[in-house]
Amino acid sequence: MASVLVVNSGSSSFKYQLIDSESERMLATGLVERIGEAQGRAVHTVVASDGAEEKSERELPIADHTAGFAVMLDAIADLGPSLETHPVIAVGHRVVQGGARFFEPTVITDLVRINIDELSSLAPLHNPANLEGIVAAQKAFPGVPHVAVFDTAFHQTLPPAAYTYAIDAELAAKHRVRRYGFHGTSHRFVSHAAAEFLGRDVGDINQIVLHLGNGASACAVAGGRSVETSMGMTPLEGLVMGTRSGDIDPAVLLHLQRRAKLSIDEVDDLLNKRSGLLGLSGRGDMRDVVDASLDGDADAALALDVYVHRLRGYVGNYFAQLGRVDAVVFTAGVGENSPVIRARALEGLESFGIRIDAERNEARSRAARVISTDDSTVAVLVVPTNEELEIARQTLAVTRA
Ligand code: ADP
């Protein structure tokens with residue numbers, strides 16, 4: 001009963017899951033955080049086969065990611081699962097930016113590590129942090145293959161017309177300025193799961209996948225291939241998000257630098273961390289925004305209006321790009337849990353063949369489900385995403401190939 005370890009590493013924390021390689025059951029999950037601070041924290045949860053959870057929590061100084069993996073191994077030794085009965089046969093790593101180089105999961109060699117590091121210029125916040133996790137995990141699990149699974153890889157099928165920005169071509173090429181798209185692991189998992197749910201071959205259907213979490217992106221999937229997506233060179237482009245602006249006239253940045261005297265770093269901080277729902281309403285969490293709007297808060301109501309307006313625009317855009325749409329699929333925190341946003345995003349689109357069934361939309365469930373009426377020509381689905389499982393599957397697929 002082998003297992004795969006899935007690692008998602010940030011600069012001062014990492015999350016992990018141990019997944020049974022045969023049953024695909026999650027055996028354990030955990031979080032090591034506040035690495036490098038005076039007091040770090042490690043949470044480890046073991047999940048029994050009947051779903052019962054046992055959780056341990058420790059506070060201790062954790063100097064770096066290498067120390068973090070030692071803490072994780074301690075927790076596994078204390079609480080399980082036993083790595084004797086569930087030996088780790090491969091480690092899958094989430095890597096945010098794979099550039100134009102990585103279009104599939106890739107076994108991590110020295111050269112691959114150099115390439116991931118080199119792509120840090122495009123993702124300065126993410127790739128170095130992902131790499132720290134890789135280096136530390138390779139020390140903790142030296143004898144097994146480590147595989148990089150890139151957020152951008154699924155979107156490497158975008159045609160040039162979709163990934164090219166209309167700016168000076170030479171300058172763009174020199175600095176690798178183009179659209180890459182993100183959330184690819186989720187879009188891939190969800191589009192495959194949606195096809196399976198519908199009993200269709202993923203290659204035969206066209207879908208619009210709406211990944212609405214703290215970060216949010218839309219993806220047009222034609223026959224299983226991403227042909228358009230809303231995030232661009234970075235995850236800032238596209239939909240309104242918890243704290244990111246999404247699409248904005250680029251001249252606004254120039255205006256703010258000239259008139260409000262904001263520095264480059266201040267503009268970066270404004271658009272990535274203080275915009276979106278947070279910028280509009282003072283609340284970055286969708287639940288809070290919905291609650292405040294129900295309580296009559298006008299800023300929250302406008303934030304929802306802007307969020308939904310942008311989302312509907314993308315749905316319309318992707319109908320035009322795909323020509324024929326078989327399914328619209330909602331996923332991630334907001335997409336899986338908010339009937340209000342789902343209903344408002346697709347309201348009045350009967351002429352597109354979309355009819356939402358109010359009762360199905362309101363029903364709460366953890367499972368993939370249909371929320372459109374039986375006579376809706378386009379199936380509208382809610383499909384829970386599972387990026388860790390997708391990383392584990394892709395990791396196993398390359399190591400077995
Ligand atoms: P991340 O992008 O960090 O993985 P998630 O996919 O977990 O985030 O999504 C988090 C978002 O989902 C938050 O904005 C949260 O408010 C929202 N969310 C979770 N449950 C609900 C709900 N019942 N109604 C509305 N929004 C929800």
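Please refer to the structure higher up on the page.
Residues numbered from 1 in each chain as written. Predicted model: local features only at pLDDT ≥ 70, side-chain atom pairs only at ≥ 80, totals over all residues. Heavy atoms only, no water.

Q: Give me the lowdown on the packing of aromatic side chains, citing residues and values where you can.
A: Within the structure shown, the criterion is met by 5 aromatic pairs. An angle of 45 degrees between the planes, with centres 6.2 Å apart, marks the rings of Phe14 and Tyr16 as tilted. Their ring planes at 85 degrees and their centres at 4.9 Å tell us that Phe319 and Phe352 sit as a pair that is edge-to-face. One end of the pair, Phe319, is in helix α11 (residues 298-322); the other, Phe352, is in the loop between α13 (339-345) and α14 (358-362), and 33 residues separate them in sequence. By relative accessible area, which is 12% here, Phe319 ends up buried. Every member of this aromatic cluster is reached through a ring pair, and the members are Phe14, Tyr16 and Phe69. Residue placement shows Arg178 over the ring face of Tyr163; its charged tip is 3.7 Å from the ring centre. (Phe/Tyr/Trp six-rings, centres within 6.5 Å; stacked < 30°, edge-to-face > 60°. Helix = DSSP H or I, 4+ residues; strand = E, 2+ residues; numbered from the N terminus. Buried < 20%, exposed > 50% of the residue type's maximum accessible area, 1.4 Å probe, protein only. Lys NZ or Arg CZ within 6 Å of the ring centre and 35° of its normal.)

Q: Account for the sheet that holds strand β12 (residues 327-331), with residues named and values stated.
A: Taken together, the 6 strands give an open sheet; going across it, the order is β11-β10-β9-β12-β14-β13, and neighbouring strands pair in mixed fashion. The two strands at the open ends of the sheet, each matched to only one other strand, are β11 (225-229) and β13 (369-370). Strand direction decides the pairing type here: strand β10 (residues 216-222) and β11, joined by 4 bridges, are antiparallel. Bridge pairing in β11 places Ala222 opposite Arg225. In this fold α11 packs onto β9 (206-212), β10, β11 and β12, with an angle of close to 160 degrees to the strand it touches most, β9. (Pairing = 2+ DSSP bridges. Contact = heavy atoms within 4.5 Å. Axes fitted to C-alpha atoms, helices over the stretch in contact; angles between N-to-C directions.)

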